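What the coordinates show
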Amino acid sequence: MDLRDFERAALRIRERAQAEGRLVDNPSDAELAAILEREPGVRRTLYGNYVAESEPTSRSAIFTRNSVDDAFGDDEVQLLAQCEENLSHQRIISVDRIVGSRGSTTSVRLLVPERFAHVAFGGRNLFLPPDEPVVDPTYHIVFFYDEAFDRNRDLPLAQKDITIRLAMLDGGKFVKVIRNGNYIGEYKKGVFAAEDWTQKTYGNGIFLHAGCREDHLQSAHGSYRTVRTLLVALSANGKTSTTCKILARKGKEKSWLIQDDGGTLMPDGSFRGFEGGGVFVKTEGVNPGTQAEIFYGLLKPLTLCENVYVDEEGEFDFYNFSRTSNGRAVVRRSDFMHASTHIDVPKVDNFILITRGPLIPAISRLNREQAAALMVLGQAMESSAGNPALAGTIRGEFFYDPFVAGSRAAHANRFYEILRGLPDMKFYLLNTGGIGVLAPSSGDLEESMESRYRDIGLQDTMAILDSLLRGGLEDWVDSPTGFQVPGSVRAVDDIYFHPEKLFTATEFEENQRGLNLVRREAIEKLGDELHPAVRRAFE
């Protein structure tokens with residue numbers, strides 16, 4: 001099929017709605033709130049903000065195809081025809097936004113039926129409003145539903161009737177069509193996927209599933225320095241927590257959130273964020289004691305929560321997962337305690353991969369090739385954001401990024417070539433799970449083995465990051481894990497850097513050998529196109 005038909009359909013849907021008086025074009029806060037209050041399931045909280053219920057409660061990766069990796073044909077032609085027909089009888093909300101920093105020429109247009117108003121109300125706050133009317137959007141994202149939408153509510157994700165298609169067009173244009181889904185993450189990740197593809201295809205950088213923080217801290221030697229750090233991870237593996245947590249404590253110190261979920265690493269070492277308006281946070285277990293930065297943002301009037309439990313009095317309960325553990329919220333940057341005024345940084349100093357696994361030290365120092373190879377592996381814990389049925393299991397996701405399209409080897413090589421040109425960048429692997437011996441069958445702890453397992457808490461992780469960013473981790477030693485670990489970290493027990501001590505020598509050797517075998521096999525799947533230095537990282 002002609003992929004331009006996706007863009008033509010999106011344009012016709014809006015033009016027809018406008019001609020027939022059914023278009024709600026870039027409504028004000030008050031106008032959109034009035035529509036939102038009519039959406040089924042929407043409630044207002046004690047704090048004056050809104051909570052909506054999405055269907056489904058997570059992304060629908062199993063129903064998603066893109067035009068680069070999959071052949072589009074008759075099914076997609078029928079999908080577009082059905083989309084136009086269904087939306088021809090409904091009032092449509094149209095919202096235009098700028099992707100990236102103020103002054104960016106990349107725009108996204110969202111089209112949703114009024115019944116999905118919460119997607120527009122919350123999703124629009126992720127990006128900046130345009131200074132001028134958008135005439136020719138770079139990206140289109142279109143939601144619609146049919147008679148299967150309500151039936152889907154009673155079915156597990158794998159049995160739902162959902163269709164999602166991503167069309168990558170020539171010249172950097174992009175269209176995403178979502179049938180029978182109104183999860184805000186589909187809008188956000190639509191823009192994510194568009195940036196992922198266009199930045200490497202039409203630009204010279206590499207888009208990463210990464211948070212970015214900027215800290216101006218007093219170093220271990222007394223001087224003040226500014227350090228910028230990228231943290232790469234799958235959803236719900238600690239990326240937002242580690243990116244958002246304030247480390248500044250005294251004097252002239254400051255900690256800033258630059259981006260929490262993505263941006264482009266450029267060949268000169270700079271980083272360009274893509275969400276200039278807000279932050280899409282996970283609300284599971286958030287409390288003012290450990291995540292104050294996120295907690296108070298959730299109480300702001302223009303924050304939109306999705307799938308978060310609210311009691312009869314309108315109070316939040318972030319520990320009630322009766323609907324889902326994948327509660328989400330869009331918090332405007334202006335309502336987020338320490339969101340920076342900029343989403344780009346001129347230089348990245350530290351590149352940190354976040355993973356989980358009982359053999360992996362709480363922090364390890366990597367060389368460039370190991371960092372690139374571990375990005376290929378992308379080992380982390382599955383979350384309810386990706387697949388609720390598999391939440392809690394360890395899986396591999398290339399580049400920690402479910403939205404990569406095209407040649408994986410070429411993608412990895414682009415990344416590695418950029419790293420080769422950045423000799424001053426430092427690379428680390430952070431374990432936010434635990435270390436030690438797990439029960440062999442279920443993955444749960446056996447009572448007799450409790451003394452041989454250590455959970456790595458958020459306070460441990462942040463203490464490690466605090467020492468690292470202050471330049472306090474100066475002495476590194478070789479580890480039997482194949483990496484290097486710090487000689488010591490202030491306020492963190494040494495056992496967290498020596499998981500081998502929680503195993504017998506035989507246990508550790510066997511498990512480490514198996515882990516390296518899994519790593520090599522995963523890397524070999526990319527074939528000879530992958531740069532040989534990356535292929536040899538775990539030999």
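Since the structure is predicted, the reported quantities are computational estimates derived from the model, not experimental observations.

Before going further, it helps to spend a moment on the packing of aromatic side chains. Applying the stated criterion across every chain, the model contains 24 aromatic pairs. Summarising the aromatic geometry, the rings of Phe 316 and Phe 318 are spaced 5.0 Å apart at their centres and angled 20 degrees between planes, so their arrangement reads as stacked. For the pair formed by Phe 316 and Phe 318, the shared burial category is buried. Three or more aromatic residues joined by ring pairs make a cluster, and in this case those are Phe 127, Tyr 187, Phe 192, Phe 207, Phe 274 and Phe 403. Of note, Arg 124 hangs over the ring of Phe 121, and the distance from its end group to the ring centre comes to 4.9 Å. It is Lys 252 that lies over the ring of Tyr 224; its NZ or CZ is 5.9 Å from the centre.

Here the focus is the confidence of the model for the chain. Detailed conclusions should not be drawn from predicted coordinates in areas where pLDDT is low. In the predicted model, the chain carries a mean pLDDT of 93, and 94% of its residues have values of at least 70. Scored below 50 in pLDDT, residues 382-392 makes 24 contacts in the model with residues more than four places away or belonging to other chains.

Following the criterion strictly, the structure yields 38 salt bridges and no others. The shortest N-O distance in the salt bridge between Arg 124 and Asp 29 comes to 2.8 Å. A residue pair is termed long-range when its members are at least 10 positions apart, and Arg 124 in the loop between α4 (117-123) and β7 (139-144) and Asp 29 in helix α2 (residues 29-36) qualify at 95 residues. Its relative accessible area of 4% is what places Arg 124 among the buried residues. Since its relative accessible area comes to 35%, Asp 29 is described here as partly exposed. The salt bridge involving Arg 332 is made with Asp 335; its shortest N-O contact spans 3.5 Å.

In this model, Glu 55 is joined to Pro 56 through a cis peptide bond whose omega is -5 degrees. Its location among the elements puts Pro 56 in the loop between β3 (50-52) and β4 (64-66).

This part is about the sheet that holds strand β15 (residues 271-273). What links the strands of a sheet is backbone hydrogen bonding, and the strands pair in either a parallel or an antiparallel sense. An order of β10-β14-β15-β19 is seen for the four strands of this open sheet, with the pairing classed as antiparallel. Across the chains shown, the open sheet's two edge strands, defined by having one partner strand only, are β10 (206-208) and β19 (344-345). Direction of pairing for β15 relative to β19: antiparallel, over a ladder of two bridges. Opposite Arg 272, over in β19, you have Asp 344 as the bridge partner.

Rules and cut-offs
Residues numbered from 1 in each chain as written. Predicted model: local features only at pLDDT ≥ 70, side-chain atom pairs only at ≥ 80, totals over all residues. Heavy atoms only, no water. Phe/Tyr/Trp six-rings, centres within 6.5 Å; stacked < 30°, edge-to-face > 60°. Buried < 20%, exposed > 50% of the residue type's maximum accessible area, 1.4 Å probe, protein only. Lys NZ or Arg CZ within 6 Å of the ring centre and 35° of its normal. pLDDT = per-residue confidence, 0-100. Contact = heavy atoms within 4.5 Å. Salt bridge = Lys/Arg side-chain N within 4 Å of Asp/Glu carboxyl O. Helix = DSSP H or I, 4+ residues; strand = E, 2+ residues; numbered from the N terminus. Pairing = 2+ DSSP bridges.

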